[in-house]
Amino acid sequence: MREIAMCGAGNRELPLIDASSPGCACCAPADAENVEEPASAAAHKAADAGFPVRAEYRVAGMACGHCSSTVVDALIGLDGVTDVQVVLVPGGVSAVSITAAQPVADAEVCEAVAEAGYQVATS
């Protein structure tokens, strides 16, 4: 039996995943086939006038789409943040890009990520 995703312009077959192997605490195993799946926070706050400011961070501890959604939700709630993009690397260090109407303090980002249960990598 096949599972078909019906979102978007085309159909795509979804692989079945063995959930009995260890992975993140919230769902799929860390060794799932979709290792790098960009996640986007859709329908964000409208950007204020002026040029957007973009910052890049490395976040450790995320293992699945639910993990990255948790981080996106935490960061999109920061004052002035209009967009958050995640390139997920399960079991590794994921790239997180923040776009904001004005600069966001690194300490605010680190605190929001920590409250979501993850850690901004320092090197």
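Residues take numbers from 1 onward in each chain, read along the sequence in its written order. The predicted origin of the model limits local features to residues at a pLDDT of at least 70 and limits the giving and counting of side-chain atom pairs to 80 or more, whereas totals for whole chains, interfaces and linings rest on all residues. Working from all heavy atoms in the structure, the side-chain values ignore hydrogens and water.

(A) The arrangement of the pairing of strand β4 (residues 53-60) in detail. Strands are labelled as partners when DSSP assigns at least two bridges between them. By the criteria applied, helices consist of DSSP H or I runs no shorter than four residues and strands consist of E runs no shorter than two, each listed in order from the N terminus. Pairing of β4 with strand β6 (residues 93-100), which is carried by eight bridges, proceeds in the antiparallel orientation. By the bridge assignment for β6, Tyr57 is matched with Val96. Relative to strand β7 (residues 119-120), β4 runs antiparallel, the two being bridged by two bridges. What sits directly across from Val59, in β7, is Val120.

(B) Structural detail: the pattern of salt bridges. Any Lys or Arg side-chain nitrogen located within 4 Å of an Asp or Glu carboxyl oxygen qualifies as a salt bridge. Across all of its chains, the model carries one salt bridge by this definition. The residue Arg54 makes a salt bridge to Glu56 at a minimum N-O spacing of 3.5 Å.

(C) Local environment of the pairing of β6. Of all eight residues in β6, six are buried, a share of seventy percent or more. Bridge count for strand β5 (residues 81-87) against β6 is six bridges, and the pairing is antiparallel. From the neighbouring strand, Asp83 faces β6, where its bridge partner is Thr99. Connecting β5 to the antiparallel partner β6 that follows it, the hairpin turn spans five residues, and Gly91 within it adopts a positive phi of roughly 75°. The buried label applies to any residue whose accessible area, calculated with a 1.4 Å probe on protein chains only, is under 20% of its type's maximum; exposed applies above 50%, and partly exposed to all values in between.

(D) Geometry of the confidence of the model for the protein. For the protein, mean pLDDT is 74; residues scoring 70 or higher make up 59% of the total. Per residue, pLDDT measures the predictor's confidence, with a range of 0 to 100. What makes two residues a contact is simply this: any of their non-hydrogen atoms within 4.5 Å. Across residues 17-21 the pLDDT falls below 50, and counting only partners more than four positions away or on other chains, this stretch makes seven contacts in the model. Note on residues 28-49: pLDDT under 50 across the span, and 46 contacts to partners over four residues away in sequence or across chains.

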